[in-house]
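The primary structure of each chain is shown beneath.
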Amino acid sequence: MIERSFLVRVHDGLHARPATQFVKLAKSFSSDIQITCNAQTASAKSAVKLMLLGIKENDEATLRVEGEDETEALSALATFLQTPTAGDVALKKSDEPASPSDPAPQAGRAKRAGWGIAASEGTAIGPVFAFFPPVLKIEPHRVEDTDAEVARFAEAVDSVTSAFARNKERPEISADAVGIIDALIDLAHDTDFSDEVGAAIRTRQDAASAAMAVGTRLTESFEAMEDPYIRARAEDMRSVTRQIVLALLGQRDVSLDELSCGSIIVADEVTAWDLAKARLSDVAGIVCRKGAATSHVAIMARAYGIPAVLGAAVDEEHLKSAQIIGLDGTTGQVFVDPDTETRMSLTQAIERETADRKALEAYRTIEPVTSDGRKVEVAANLGTLAEIPAALEAGAMGVGLFRTEFLFMERKTLPTEDEQAETYRKLAEAFAPYPVVIRTLDIGGDKPIAGVDFEHEDNPFLGWRGVRMCLERTDVFKPQLRALLRASVVGNVKVLLPMIADGSEVEAVRDLFAQCQDELEREGIPCGTFELGVMIETPAAVFLAGDLAQKVDFFSVGTNDLTQYVMAADRLNPKVANLNRTEHPAVLAAIAAACKAAREAGIWIGVCGEAAARPDLISFFVENGVTELSMSSAAIPRAKRCVTEL
Ligand code: PEP
Ligand code: MG
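As recorded in an unreviewed UniProt entry, the protein goes by the name Phosphoenolpyruvate-protein phosphotransferase, listed as coming from Paracoccus versutus. The protein has a UniProt comment under Catalytic activity (unreviewed entry) that states "L-histidyl-[protein] + phosphoenolpyruvate = N(pros)-phospho-L-histidyl-[protein] + pyruvate". If you open the UniProt record of the protein and go to Sequence similarities (unreviewed entry), you find "Belongs to the PEP-utilizing enzyme family."

Take a look at the structure:
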């Protein structure tokens, strides 16, 4: 028996349609399933009883599941409860017998379905592009001329990296994809890799076997890492190794550039390198049996708005032989050769999503004002320049949070001052005259970067992160401050400091800025001016808000961290998810206190945590005087509509 509690995220709760869908899903499992809410318990297989529980959005519900398929059932039902749009699409579970009214589209073909990680939201259905590259057939043998074999390996590396580089020249390639290709080229040229392969060849191993063995060992080392970002690099290492071995064997790979428009890529695994070869506008969806939400493929799918389910628990043979695949990237569901009813509901969901996007399009160019005349800027949270077009398309009124840590992560060396200045300047120019709020490096012991040694910390979220690390490592921080001063000549840059817990931290940063400005002026490099603000994300910053407001030009509430620190509930720990709620009165009181301090000091205040996009909280923020809401681009039109309707 397993029992878990969840916060219900289904819009408007389990009223008629979602309740029916929920019961249909529950009935597809053999386990006994009870649901408790508001101190009452009912069977999850009875729609009437379920509706009588009156479960509303944001209520806490407990599922108690007992039976053979309890794990699968709990996971499916939990996903449903935590999905705002659940209930919009008819849900089905694997191997569900066709109902008598199901007109079977392909007689004799069993329907198959499964669940995976909801990696990129949206619904899709389309013909399968089965991407199952050939198995490498290496025949290990002893080499006599080891010098020649080492040279053959070097040639293979060159031919692979040249092919990588040629792909960067394609006109439609995005900056994101170029960055990924550069990372692959770096891996292929890695000296650890080539030295180890060279050493193995000198023991008379053939180059293909040696490259495979070393590449596999390095891939496994990446996979064993705790940090999900570093773990995701295993995918790149595997991909590079494969390309080199294929080159050594003279074999040809299957390629996604053969994909036809509207297809769903179905694979065991798709690497970012594979995906970079496809015309992304032709890809309707992606379903993979491997992969995680932080892998490059997931990042690319989200950036290009391609619905994706990764880590899908669907039998490989069923995927390989499928003709039509449907997927719901919001819930993580996959439908293999769906029946007519499921196809219809998927098509309807796609139509609804398209209509929703269309209806919200009207808000794209709107600068929202409440009925009592308050203006609210709805801006984008970005991490890379590649996300700019999507933000502009969504109608972002500037950038409320540019997380600079993305520039520092996933690379082998620290970005230079010039690289940073160029990035910040391009960002500012793209959104001018709207403001762009650039946050200084907020990296911590849980997410290391190359170039800074982080010692192990028992509580990295309470540790050496954000401004704390930067003030000690001025060799890392000053190039960023100089780059910010240089980029702010554009005129619309604002600078935001993360993890502030004491006024002295702001003063120390101001001193460093003054030093950098002096240096730049002496060097004859032009500097601009900018507003300086602090994140309100520690309880200390809330209690000191009155004092901090005298030292800065604006506040930005980081609800993600503020919630975890006010509630003492780790934002990454699902066991305390019930406490990790921004709508908790304690968190709202903290936000209201920061707003009051800002009002009294006459400075502006924004919200840039995930909660900024929540329709149920936007009125609270605006009533308390928040004038900027910053969020992921996709959420912008809806937030604009919310503000307009206030
Ligand atoms: C926050 O804490 O709310 C925030 C926006 O910062 P991050 O999620 O990057 O910690
Ligand atoms: Mg934060």
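So much for the structure itself; the text now carries on.
**A closer look at the overall build of the protein**
Helices and strands together make up the secondary structure of the protein, namely 25 helices and 20 strands. In terms of overall dimensions, the protein is globule-like: its C-alpha atoms have a radius of gyration of 26 Å, near the 26 Å expected for 646 residues. When its C-alpha atoms are laid out on the principal axes, the protein stretches across 75 × 70 × 45 Å. Put simply, the protein has 646 residues, and 52% of those count as buried. Long-range contacts, defined here as pairs at least 24 residues apart, represent 69% of the contacts in the protein between residues at least 6 apart. Summed over its atoms, the accessible surface of the protein is roughly 27,700 Å², and 52% of this surface lies on carbon and sulfur atoms. Here the protein carries 67 positive and 98 negative side-chain charges, and the mean point of each set is 4 Å from the other.

**Overview of the coordination of the magnesium ion (ligand 2)**
Looking at the metal site, the magnesium ion (ligand 2) is ligated by E537 (OE) and D561 (OD), spaced 2.0 to 2.2 Å from it. On the criterion of sequence distance, the pair formed by E537 in the loop between strand 17 (531–536) and helix 20 (539–543) and D561 in helix 22 (residues 559–566) is long-range, its members being 24 residues apart. Here the two residues E537 and D561 agree in accessibility, since each one is buried.

**Considerations on the site of ligand 1**
Contacts to ligand 1 come from 14 residues, most closely from R403, R439, G558, N560 and R571. Note that an oxygen atom of ligand 1 is positioned 3.1 Å from one of the side-chain N or O atoms of E537. The separation between an oxygen atom of ligand 1 and a polar side-chain atom of D561 is 3.0 Å. Notes on ligand 1: free accessible area 290 Å², of which the protein chains cover 95%. Every element with two or more residues in the shell around ligand 1 is listed here: strand 14 (399–403) and helix 22. Ranked by residues supplied to the shell around ligand 1, first place goes to helix 22 with 3 residues. Per-class residue counts for the shell around ligand 1 are 3 nonpolar, 4 polar and 7 charged.

**Focus: the side chain of D59**
Summarising the element assignment, D59 is placed in the loop between helix 2 (47–52) and strand 4 (60–66). With no salt bridge to any partner, buried D59 finds its closest opposite charge in K56, at an N-O distance of 4.1 Å.

**What about the UniProt feature "binding site: phosphoenolpyruvate" (unreviewed entry) in the protein?**
Under the UniProt annotation, the feature "binding site: phosphoenolpyruvate" (unreviewed entry) is placed at R403, R439, N560, D561 and R571. For R403, the position within the fold is in strand 14. Not counting residues up to four positions away in its chain, the partners in contact with R403 are N381, L382, G383, R439 and N560.

**Here's the deal with the sheet that holds strand 2 (residues 32–37)**
Sheet strands pair via backbone hydrogen bonds, and the direction of the pair is either parallel or antiparallel. One open sheet holds the 4 strands; their spatial order is 1-4-2-3, and the pairing between them is antiparallel. Every interior strand has two partners, whereas the edge strands, strand 1 (2–7) and strand 3 (40–43), have only one. Each adjacent strand pair in this sheet contributes to an overall mean axis angle of 20 degrees, direction not counted. Looking at chain direction, strand 2 and strand 3 are connected through 4 bridges and run antiparallel. Bridge pairing in strand 3 places I35 opposite A42.

**Quick notes on the pairing of strand 4**
Sheet topology places strand 1 next to strand 4; 6 bridges connect them, and they run antiparallel. Within strand 4, the position partnered with L7 by the bridge is E60. Pairing geometry for strand 2 and strand 4, over 6 bridges, is antiparallel. Directly across from I33, in strand 4, lies its bridge partner V65.

**What about the sheet that holds strand 20 (residues 628–631)?**
What the 8 strands build is a closed barrel, ordered 13-14-15-16-17-18-19-20; its pairing is parallel. On average, each strand axis in the sheet is tilted by 25 degrees relative to the strand beside it, whichever way the strands run. With 3 bridges joining them, strand 14 and strand 15 (residues 436–439) adopt parallel strand pairing. Bridging across to strand 15, R403 finds its partner in R439.

**What to know about the nonpolar core**
Core analysis: the biggest nonpolar cluster contains 87 residues, and F555 and L629 have the highest contact counts within it. The element best represented in this core is helix 23 (residues 585–601), accounting for 8 residues. Not counting residues within four places of it along the chain, the set of residues in contact with F555 comprises V534, I536, A545, L548, A549, A594, A597, A598, I603, W604, I605 and G606.

**Regarding the pattern of salt bridges**
As enumerated under the stated definition, the model contains 34 salt bridges in all. With its nearest N and O atoms 3.1 Å apart, the salt bridge here joins K320 to E316. With K320 and E316 both in helix 12 (residues 316–321), this residue pair falls 4 residues apart, about one helical turn. Given the relative accessible area of 37%, K320 is considered partly exposed. One salt bridge in this structure joins D442 and R439, with 3.6 Å as the shortest N-O distance. D442 gets classed as buried once you look at its relative accessible area, which sits at 9%.

**Points about the packing of aromatic side chains**
Under the criterion given, the structure shown has 6 aromatic pairs. Ring centres 6.0 Å apart and planes at 75 degrees place the aromatic pair F153 and F193 in the edge-to-face group. Linking F153 in helix 4 (residues 146–168) with F193 in helix 6 (residues 191–202), this pair joins segments that are 40 residues apart in sequence. Residue classification places F153 among the buried positions, given a relative accessible area of 5%. Relative to Y424, the ring of F402 lies with its centre 6.5 Å away and its plane at 80 degrees, an arrangement referred to as edge-to-face. Residue F402 is found in strand 14, and its partner Y424 is found in helix 16 (residues 417–431); the two are separated by 22 residues along the sequence.

What counts as what
Going along each chain's sequence as written, the residues are numbered from 1 onward. Starting at A for chains and at 1 for ligands, labels are handed out in the order in which the entities are written. At least 70 in pLDDT is required for a residue's local features to be given in this predicted model, at least 80 for side-chain atom pairs to be given and counted, and no such filter applies to totals for whole chains, interfaces and linings, which use all residues. Computation of side-chain values: all heavy atoms of the structure, hydrogens and water removed. UniProt positions are given in the numbering used here, feature names are shortened, and annotations may be inferred rather than shown by experiment. Only DSSP runs of H or I covering at least 4 residues are called helices, and only runs of E covering at least 2 are called strands; the numbering of each starts at the N terminus. Computation of the radius of gyration draws on C-alpha atoms, with the globule rule given as 2.2 Å multiplied by the number of residues to the power 0.38. Using a 1.4 Å probe on the protein chains alone, a residue whose accessible area is under 20% of its type maximum counts as buried, one over 50% counts as exposed, and one in between counts as partly exposed. A contact between two residues is defined here by any heavy atoms of the two lying within 4.5 Å. Each accessible area is a Shrake-Rupley estimate made with a 1.4 Å probe; only the visible protein chains count as cover when residues are assessed. Here the positive residues are Lys and Arg and the negative ones are Asp and Glu; neither His nor the chain ends is included. For the purpose of locating charges, the reference atoms are NZ of Lys, CZ of Arg, CG of Asp and CD of Glu. Coordination shells were defined by N, O and S atoms within 2.8 Å of each metal, extended to 3.2 Å for Na, K and Ca; water is absent from the atom set, which can make sites look incomplete. For this description, a residue counts as near a given molecule or strand if any of its non-hydrogen atoms is within 4 Å of it. For the purposes of these results, a polar contact is taken to be a pair of N or O atoms within 3.5 Å, where, inside protein, one atom must be able to donate a hydrogen and its partner to accept one; residues adjacent in sequence count only when each atom of the pair is a side-chain atom. The classification used treats Ala, Val, Leu, Ile, Met, Phe, Trp, Tyr, Cys and Pro as nonpolar, Asp, Glu, Lys and Arg as charged, and all other residues, Gly among them, as polar. When a carboxyl oxygen of Asp or Glu lies within 4 Å of a side-chain nitrogen of Lys or Arg, that pair is called a salt bridge. When DSSP finds at least two bridges between two strands, those strands are taken to pair. Interaxial angles span 0 to 180 degrees and are taken between N-to-C directions of axes, which are lines fitted to C-alpha atoms, for helices over the stretch in contact. To define a nonpolar core, start from buried Ala, Val, Leu, Ile, Met, Phe, Trp, Tyr and Cys residues and group those joined through side-chain atoms within 4.5 Å. The aromatic pairing rule takes the rings of Phe, Tyr and Trp, using the six-membered ring of Trp, and pairs them if the centres are within 6.5 Å, calling planes under 30 degrees apart stacked, those over 60 edge-to-face and the rest tilted.

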